[in-house]
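# Coordinate inspection notes
Take a look at the letters that make up each chain.
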Amino acid sequence: GENVEQHPSTLSVQEGDSAVIKCTYSDSASNYFPWYKQELGKRPQLIIDIRSNVGEKKDQRIAVTLNKTAKHFSLHITETQPEDSAVYFCAASMNTNAGKSTFGDGTTLTVKP
Amino acid sequence: NAGVTQTPKFQVLKTGQSMTLQCAQDMNHNSMYWYRQDPGMGLRLIYYSASEGTTDKGEVPNGYNVSRLNKREFSLRLESAAPSQTSVYFCASRRNRDGNQPQHFGDGTRLSIL
């Protein structure tokens, strides 16, 4: 089955700096890659996603890049703010296999004021 | 629209007790999922229902059963709770079985087994 690895497991940055989180996947059939943000005690919420026919997608301070050949994708957060502090999860899924998603283990991002 | 609603929010059980976690969605989604989340780990799939009337095992199904009661509701049952099942349980739904759409999560059920 699909295997998703996420790095780093923890990341601490100064407010205003950029943060990058990377994920690799194993199954070349995966074609949908969402990123979820989970604040302490809350539900995971989608922040951005990318499909395999696109190499990059941006939404204000957040961007995601996808390299299908290397089977990795990354989340980029620019001009970080304290409210960006949370756990971020990447995931991979495909049209077949009943749409099951495989999640990375998460990255705890801390933005220091 | 409430989205995905889970009940209860918190529960403490004794080893060997049984209970059912409830999940309902009001988005007319076809696919529903149950995950568990343990500290330092991602979301692991317990069971899923690709469409009404079907259920299948996920990555960690042992000790659990599910029922897709109707299109809206998907329940998770622990028949004989064990301390290893202490976790946060999330229910999620997706519009259909195609994997290229986001999942919508409930607020979770925090379950402790003593």
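Provided above is the structure to which this section pertains.
Each value, and the rule that gives it
- Residues numbered from 1 in each chain as written.
- Chains lettered and ligands numbered in written order.
- Predicted model: local features only at pLDDT ≥ 70, side-chain atom pairs only at ≥ 80, totals over all residues.
- Heavy atoms only, no water.
- Contact = heavy atoms within 4.5 Å.
- Buried area = accessible area lost by both parts, 1.4 Å probe.
- Salt bridge = Lys/Arg side-chain N within 4 Å of Asp/Glu carboxyl O.
- Pairing = 2+ DSSP bridges.
- Helix = DSSP H or I, 4+ residues; strand = E, 2+ residues; numbered from the N terminus.
- Axes fitted to C-alpha atoms, helices over the stretch in contact; angles between N-to-C directions.
- Buried < 20%, exposed > 50% of the residue type's maximum accessible area, 1.4 Å probe, protein only.
- Disulfide = S-S within 2.5 Å.

Take the interface of chain A and chain B next. Listed per partner, the contact involves 21 residues of chain A and 24 residues of chain B. Taken over both partners, the interface formed by chain A and chain B buries close to 1900 Å², and the fraction arising from carbon and sulfur atoms is 48%. Considering only the surface of chain A that becomes buried against chain B, Arg43, Ala98 and Phe103 of chain A emerge as the three largest contributors, covering 31% of it. For the interface between chain A and chain B, the tally reads one salt bridge. Ionic pairing is found between Asp107 of chain B and Arg43 of chain A, a salt bridge with its closest N-O pair at 2.7 Å.

Residue and element names in this part refer to chain A. Within the open sheet, the five strands sit side by side as β1-β3-β8-β7-β6. Their pairing is antiparallel. Pairing within the sheet leaves two strands with one partner each, and these edge strands are β1 (4-7) and β6 (56-59). The sheet shows a mean angle of 15° between the axes of neighbouring strands, direction not considered. Bridge count between strand β7 (residues 62-67) and strand β8 (residues 72-77): six bridges; the pairing is antiparallel. Within β8, the position partnered with Asn67 by the bridge is His72.

Between His7 of chain A and the following residue, Pro8 of chain A, the backbone shows a cis peptide bond with an omega angle of -5°. Positionally, Pro8 of chain A belongs in the loop between β1 and β2 (10-14). Note the cis peptide between Thr7 of chain B and Pro8 of chain B, where omega equals -5°. Structurally, Pro8 of chain B can be placed in the loop between β1 (4-7) and β2 (10-13). At Gln60 of chain A, a residue that is not glycine, the phi angle is positive and equals roughly 55°. Even without a glycine there, the phi angle at Asn28 of chain B is positive, about 60°. Mapped onto the elements, Asn28 of chain B comes out in the loop between β3 (19-25) and β4 (31-37). Of the residues examined, Asn28 of chain B reaches a relative accessible area of 54% and is grouped as exposed.

All names here are of chain B. Summed over the entire model, instances satisfying the criterion amount to two disulfides over all chains. Here Cys23 connects covalently by a disulfide to Cys91, the sulfurs 1.9 Å from one another. Classification of the bridge connecting Cys23 and Cys91 rests on its S-S torsion, roughly -70°, and on that basis the disulfide is left-handed. Here Cys91 lies in strand β9 (residues 87-94) and Cys23 lies in strand β3, a separation of 68 residues in the sequence. Overall, the relative accessible area of 0% leaves Cys91 in the buried class.

Our focus in this paragraph is the pattern of salt bridges. All names here are of chain B. Counted by the stated rule, this structure contains seven salt bridges over all chains. Measuring nitrogen to oxygen at the nearest pair gives 3.1 Å for the salt bridge that ties Glu79 to Arg77. Relative accessible area serves as the criterion here: at 43%, Glu79 is assigned to the partly exposed category. The structure contains a network of salt bridges with shared partners spanning Arg36, Asp38 and Arg44.

In short, shape yes, function no, at least from these values alone.
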